[in-house]
Every structure is written in structure tokens, then in C-alpha cells.
Amino acid sequence: MRDAHIYNFKRGLPRMSWHPHNLYNLWRRSYGPLEKITNRVEYRESLNWRRWTAKALLRGYHGDFINEKIFKRWYLPETLPDVRPSEVLKKAAPMTELEKWATKEQAAKRAEKMAAEERQKGLAPVGSLMFAEVERRIDVVIFRACFAHSVYEARRMIIHGSVLLNGKKHTDANTRLAPGDMVSVDPKDIRFLQESAAPKADEEAEAESSEAAVTEEPAEAEESSPEQSTSSDAAADASTESIEASEEASKRSNKTRSSSLVNKNKKSSSSNGLTPFHLPPYAAPFLFVPAYLEPSFSTCSVIYLRHPTARPGYSEIPTPWDADGEIVRLTWEWYSKRRMRIRSKSQLARMPENRQ
């Protein structure tokens, strides 16, 4: 990996990762102090600066581990799908006028209703489809299927030989999958399926907090009664001694209980044959599977069903930015003028594997 400081707080670029620092950077870009800098892309500075900044924001998430020259040559599409108004909208106005002139009110109402439905759908957010080739990569597919904490860990799995492509060992992380390909991951290399990923004994912390609360109560009782007689003081001393003895006994019992609970959990998962499942903290916002994948967590495999697409008001490519927003549009404007279009025979020989 070329950049070691991928979660740098100063830049605050969202990445393909479950790391808590990445979630913090995503919050800073969406609602935190860096939101103003992100919004500057839409209304301030020169047009060239806005395009370059938008490109940096998008590429920080989509394939930041891919060299820029390689991305422009092999992963950037030549064009985007045409989303101009359909023929239904073009013919709607003259058709309704013709039906009204022919006194066919019901047909005119049906034509108006169809035109209104087409207008309500809006345009498909096809700008995000410029990263469709990146989503086809085998390392990105493993991350999207929630088998790895980050796309960088998915690449490590592939390079170390822990991934099977259609039942055969595969070590090329740059491969682009074809519809119907099945990717299998070795369960021993999935971190949250290991016993070592179990969190520390939370029962011990709860026991300590309860013990601290118990010790505070007799202290408050002693402060509230300073004017009692000596006989009552002696009785209180005896009661505090008994309380201290009971507290020590409860401490020992709580510690033994917490250690026994942890040992029981470990023994039960191993003895019952159940696979341990320990997600990392703050992973919930990233636990989703795109529509073009069909994962099987019982077999640790995923099937690449089809290429990602976009429909009116919905894009299947996950992105931290608006799929049809100003950042995506400015990025496409940047690449449409600076993309590499020459592919010689020597360059074609170096093209990453594309299974179509």
C-alpha cells in the first residue's frame, strides 16, 4: 500500500474500511468541521480547483489503492449511459392534445398520468457508474460481502492464498469478476470468526463499577451521622467491618464469576461446534450488502450476480457522497478531459485480468 496514513484526520478522507477512525472521518466530512470544506466544492473557488477537489474526495474512497494512471487507462469507462428524457415524455404533450381534440378524454387522462409518472421517477444517478469497474474487482467484492474489515485486508487475503475463485486458488487482487463467478474465503482468515477477536471480559468492568457504588453508600452513611453517641459509633464500626468483609467476599465471587463466564463462553463455542462471531466496535454502519452480490455466510462465499447498475433515484454502487450530486459530476468533468485513450499492444499485455 502506497499510503500508510490512510486515516489521517487532517485530510479526513473516507475509505473502504470498518475502522473507527474511518467512521470519524466520515462524520467530519458529513456533519463535522470538514463539512464546510466539502461544500466549497459546490460553490467556491475556480472551476478547475472544484473539479480536482471533487476527484480527490471520490478517489479517496473508490480505489485509492489503484494508481491514478492505471485507473484512468483500465477502470474508467469511455461514456456514461444516456439518461435524457424518454420518448414517452417527448410524445406526451402532442398525444394528449390529439386525444382531447378527438374527444377521447379517458385516453388523454391515461397519457397525462403516464407522463406524470415518468417525470416523478426523475433521472437515474449514472454518475456513480464511473466506478462500476472498480466494484467488479475481487478484493472490493470480498469487502462488500462483509468478509473483511477493509479492502486492504481483502487484498492481503487474496495475495496470501486464502481466496478461491470458482473453486481454484486465486492470488491476483486486480481481477475483475464476471457475472456468475463465486468467491470463497478461508474462515480461518476472517478475523471476526476467530476466538481471539472476542472482546475482553466486560463482566469484570461491570463488577468493579457495582463494587464502587457499594463502597460509596456506607461512606455517605458515615458522613450523615457524625453526632451519634459512642455506643452507636462502636456499633457502626462493627457494621462497617462486617460490610467490608462482605464486600471482599463479593469481590472474590464476582471475579470468579466473570472468569468462569468467559471460560464457559470459550468452552461452549468450541465444544458445541459453534463458530465464534465477534464484530469489531462501530462496525454497524458498514454492514450492508449491495444488490448485485449474493453472499453465503454459512460457507463464507459470495456470488457475483451481475454488474452494478442505476435506476431513477437509486444507485447500486455504495458511496459516501451523493450518487448524483455535484461532487460526482465535477469528478466526471475532470476525467472526461484528462483520461488516457491510447492503448498500445504492450499496454494491452499489462491490462488487469478482465473476465467480462
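In this report, we go over the structure that sits alongside the text. (Residues numbered from 1 in each chain as written. Predicted model: local features only at pLDDT ≥ 70, side-chain atom pairs only at ≥ 80, totals over all residues. Heavy atoms only, no water.)

**Remarks on the sheet that holds strand β1 (residues 163-165)**
Across the sheet, which stays open at both edges, the five strands sit in the order β2-β1-β3-β5-β4 with antiparallel pairing between neighbours. Here the strands that pair on one side only, and so sit at the sheet edges, are β2 (168-169) and β4 (293-296). The pairing of β1 with β2 spans two bridges and is classified as antiparallel. Directly across from Leu 165, in β2, lies its bridge partner Lys 168. (Pairing = 2+ DSSP bridges. Helix = DSSP H or I, 4+ residues; strand = E, 2+ residues; numbered from the N terminus.)

**A closer look at the pattern of salt bridges**
Scanning the model with the defined rule gives 15 salt bridges in all. A salt bridge links Arg 191 to Glu 153, with the shortest nitrogen-to-oxygen separation between them at 3.2 Å. Of the two residues, Arg 191 is situated in the loop between β3 (182-185) and α10 (202-224) and Glu 153 in helix α9 (residues 151-159); the sequence distance between them amounts to 38 residues. Of the residues examined, Arg 191 reaches a relative accessible area of 45% and is grouped as partly exposed. Looking at Glu 153, the relative accessible area reads 7%, which means it is buried. A network of salt bridges, in which partner residues are shared, links Glu 133, Arg 136 and Arg 176. (Salt bridge = Lys/Arg side-chain N within 4 Å of Asp/Glu carboxyl O. Buried < 20%, exposed > 50% of the residue type's maximum accessible area, 1.4 Å probe, protein only.)

**Details of the packing of helix α3 (residues 47-61) against helix α12 (residues 326-338)**
Relative orientation of the contacting elements α3 and α12 amounts to 105 degrees, with a least axis distance of 8 Å. The orientation of α3 relative to α12 falls into the category roughly perpendicular. In contact with Leu 47, Asn 48, Arg 50, Arg 51, Trp 52, Ala 54, Lys 55, Leu 57, Leu 58 and Arg 59 of α3, α12 contributes Glu 326, Ile 327, Val 328, Leu 330, Thr 331, Glu 333, Trp 334, Tyr 335, Lys 337 and Arg 338. Among the residues making up the contact of α3 with α12, the classes are represented as 10 nonpolar, two polar and eight charged. (Axes fitted to C-alpha atoms, helices over the stretch in contact; angles between N-to-C directions. Parallel < 35°, antiparallel > 145°, perpendicular 65-115°, else oblique. Contact = heavy atoms within 4.5 Å. Nonpolar A, V, L, I, M, F, W, Y, C, P; charged D, E, K, R; others polar.)

**Here we look at the side chain of Asn 22**
With respect to the element layout, Asn 22 can be found in helix α1 (residues 20-30). Its relative accessible area of 1% is what places Asn 22 among the buried residues. Looking at Asn 22, its side chain comes within polar contact range of the main-chain nitrogen of Arg 15, at 2.7 Å. Beyond its immediate stretch of four places on either side in the chain, Asn 22 contacts Tyr 7, Leu 13, Pro 14, Arg 15, Ser 17 and Phe 286. (Polar contact = N/O pair within 3.5 Å; in protein donor to acceptor, adjacent residues only side chain to side chain.)

**Description of the pairing of β3**
Sheet topology places β1 next to β3; three bridges connect them, and they run antiparallel. Each bridged residue has a counterpart across the sheet, and for Val 163 the counterpart in β3 is Val 185. Where β3 lies against strand β5 (residues 301-304), three bridges are found, and the strand directions are antiparallel. Following the sheet pairing, Met 182 is matched in β5 by Ile 303.

**Details of the packing of aromatic side chains**
A complete count under the given rule lists nine aromatic pairs for this structure. Judged by centre distance (6.0 Å) and plane angle (20 degrees), the ring pair of Tyr 24 and Trp 27 falls under stacked. Linking Tyr 24 with Trp 27, this pair stays in helix α1, spanning three residues, or about one helical turn. Residue classification places Tyr 24 among the partly exposed residues on the basis of a relative accessible area of 38%. Looking at Trp 27, the relative accessible area reads 44%, which means it is partly exposed. For the ring pair Tyr 292 and Tyr 304, a centre distance of 6.1 Å and an interplane angle of 70 degrees mean the geometry is edge-to-face. Placement of Tyr 292 in the loop between α11 (230-271) and β4 and of Tyr 304 in strand β5 is noted, with a sequence separation of 12 residues between them. The two residues Tyr 292 and Tyr 304 agree in class, both being buried. Taken together, the aromatic side chains of Phe 9, Tyr 24 and Trp 27 make up a single cluster linked through ring pairs. The ring of Phe 71 has Arg 59 lying over it, and the distance from NZ or CZ to the ring centre is 4.2 Å. (Phe/Tyr/Trp six-rings, centres within 6.5 Å; stacked < 30°, edge-to-face > 60°. Lys NZ or Arg CZ within 6 Å of the ring centre and 35° of its normal.)

**With respect to the environment of Glu 133**
The residue Glu 133 is located in helix α7 (residues 132-135) in this model. Counting along the chain gives 58 residues from Glu 133 to Tyr 75, while the straight-line C-alpha distance between them is 5.4 Å. Once residues lying within four places of it in the same chain are set aside, the contact partners of Glu 133 are Tyr 75 and Arg 176. A distance of 3.0 Å separates a polar atom in the side chain of Glu 133 from a polar atom in the side chain of Arg 136. Separated by 3.0 Å, the side chains of Glu 133 and Arg 176 make a polar contact.

**Concerning the nonpolar core**
One finds Phe 71, Ile 142, Val 163 and Val 183 to be the most contacted residues of the largest nonpolar core, which totals 54 residues. Counting only elements with at least two residues in this core, the list comes to α3, α4 (68-75), α8 (138-144), α9, β1, β3, β5 and α12. If near-sequence neighbours (up to four positions away) are discounted, Val 183 is found in contact with Ile 138, Ile 142, Val 163, Leu 164, Leu 165, Leu 177, Cys 300, Ser 301 and Val 302. Of all hydrophobic cores here, the second largest spans six residues; its members include Ala 124, Val 126, Leu 129 and Ala 132. (Core = buried A, V, L, I, M, F, W, Y, C linked by side-chain atoms within 4.5 Å.)

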